[in-house]
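Chains, contacts and geometry: an overview
Given next are the chains, with one letter for each unit.
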Amino acid sequence: MDKDSISIGGLYKNLIVRVKGLAVSPQKEWSAILSEGKTLNDVLTNYSLPLIGIYTITVFIGYLMGLQQLDFQLALREAVFTFSSCFFGLYVSYFLLLKALAMMGHALDKIKVFQLVAYSSGVLYITGSLVAIVPETIVIAGIINLYVVYLIWQALHVLKQIASENRIWLSIVIGLVVLLMPSLISRLFMFVSNLTV
C-alpha cells in the first residue's frame, strides 16, 4: 500500500470512530474533541469535508438510480448544490453563531464555535446520505436530525461557560441555525439557478 491510501484509510477510520463516539457517548466525545487543540482546518479536513463528500456522492448516485433515464447533468447539478449548501451552510452558521453568541455575552473561542457547528452538523450529512439512497427514510431522518440539539446541549455542558439555565434555549437556537442553514442556502441556489435558465 502506498502512503496516500494509508492516510485516506486512517482518515475514514478516525471519522467512523468520531461519529460512533458522538452517537454513543457524546459527553465523553465532546470532552475529547474540545481538548484536542485542533485548528479550524483540521476539523474541516478530518471531519466535515469527508462527510460532506460522502453525502455529495450519495446524492449523485441516488439521482442517477432514482430517475427513469440516466440524467447525468441533473445528478451532477444536485450533487453540486448539496456540496455547496453544506459547505456554505457550515460557514454561515459558524459566522452567525460567533456574532450572536458574542452579542448575548457568551463569548466562546472561535475554534470551539466552529467545532460546535461542524461536529453537530455531521448528523445532517449522515442522514442526508441515507435519504439520498433510500428516499423512504426521510421521516426517520428528520427525527434523527433533532439529535443535533442534544449534541449541542452536551457540548455546552462540557464547555461549562454557559449557565445551566441558558443552556437549553441556547441549544435550541444553535440547533435551529445548524439544521436550517444548509436547507436555506440550497433553496437560494435553486432559486438563482432557475432564474438563469
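For the structure, check the block above.
The sections below set out a description of the structure shown in this document. (Residues numbered from 1 in each chain as written. Predicted model: local features only at pLDDT ≥ 70, side-chain atom pairs only at ≥ 80, totals over all residues. Heavy atoms only, no water.)

1. Digging into the packing of helix 2 (residues 26–35) against helix 5 (residues 110–133)
The following threshold applies: Geometry is summarised by axes, namely lines fitted to C-alpha atoms with helices restricted to the contacting stretch, and by angles between N-to-C directions that run from 0 to 180 degrees. To qualify as a helix, a DSSP run of H or I must reach at least 4 residues; to qualify as a strand, a run of E must reach at least 2; elements of each kind are numbered from the N terminus. In this scheme, roughly parallel covers angles under 35 degrees and roughly antiparallel covers those over 145, while 65 to 115 is roughly perpendicular and the rest are oblique. Put simply, a crossing is left-handed when the front helix is turned counterclockwise from the back one by less than a right angle, and right-handed when it is turned clockwise. Working rule for contacts: check all heavy atoms of both residues, and any pair within 4.5 Å makes them a contact. Any residue outside Ala, Val, Leu, Ile, Met, Phe, Trp, Tyr, Cys, Pro, Asp, Glu, Lys and Arg is labelled polar, Gly included; the first ten of those are nonpolar and the last four are charged.
The contact between helix 2 and helix 5 brings their axes to 11 Å, and the two run at 135°. Comparing the axis directions of helix 2 and helix 5 gives the class oblique. The interaxial crossing formed by helix 2 with helix 5 has right-handed handedness. Counted together, Trp 30, Ile 33 and Leu 34 of helix 2 and Lys 112, Gln 115, Leu 116, Tyr 119 and Ser 120 of helix 5 form the full contact between these two elements. Classifying every residue of the contact of helix 2 with helix 5 gives five nonpolar, two polar and one charged.

2. Considering the pattern of salt bridges
Convention followed: Salt bridge criterion: a side-chain nitrogen from Lys or Arg within 4 Å of a carboxyl oxygen from Asp or Glu. Note on exposure labels: buried denotes an accessible area under 20% of the residue type's maximum, exposed denotes more than 50%, and partly exposed covers the range between, all computed with a 1.4 Å probe on protein chains only.
One pass over the full model with this rule turns up four salt bridges. Put simply, Lys 38 and Glu 36 hold a salt bridge, and the shortest N to O gap is 4.0 Å. Relative accessible area serves as the criterion here: at 33%, Glu 36 is assigned to the partly exposed category. Two residues, Glu 78 and Arg 77, come together in a salt bridge whose shortest N-O distance is 3.9 Å. If you follow the salt bridges from partner to partner, you end up with Arg 18, Glu 29, Glu 36 and Lys 38 in one network.

So far we have only geometry, and geometry alone does not tell us how the molecule works.
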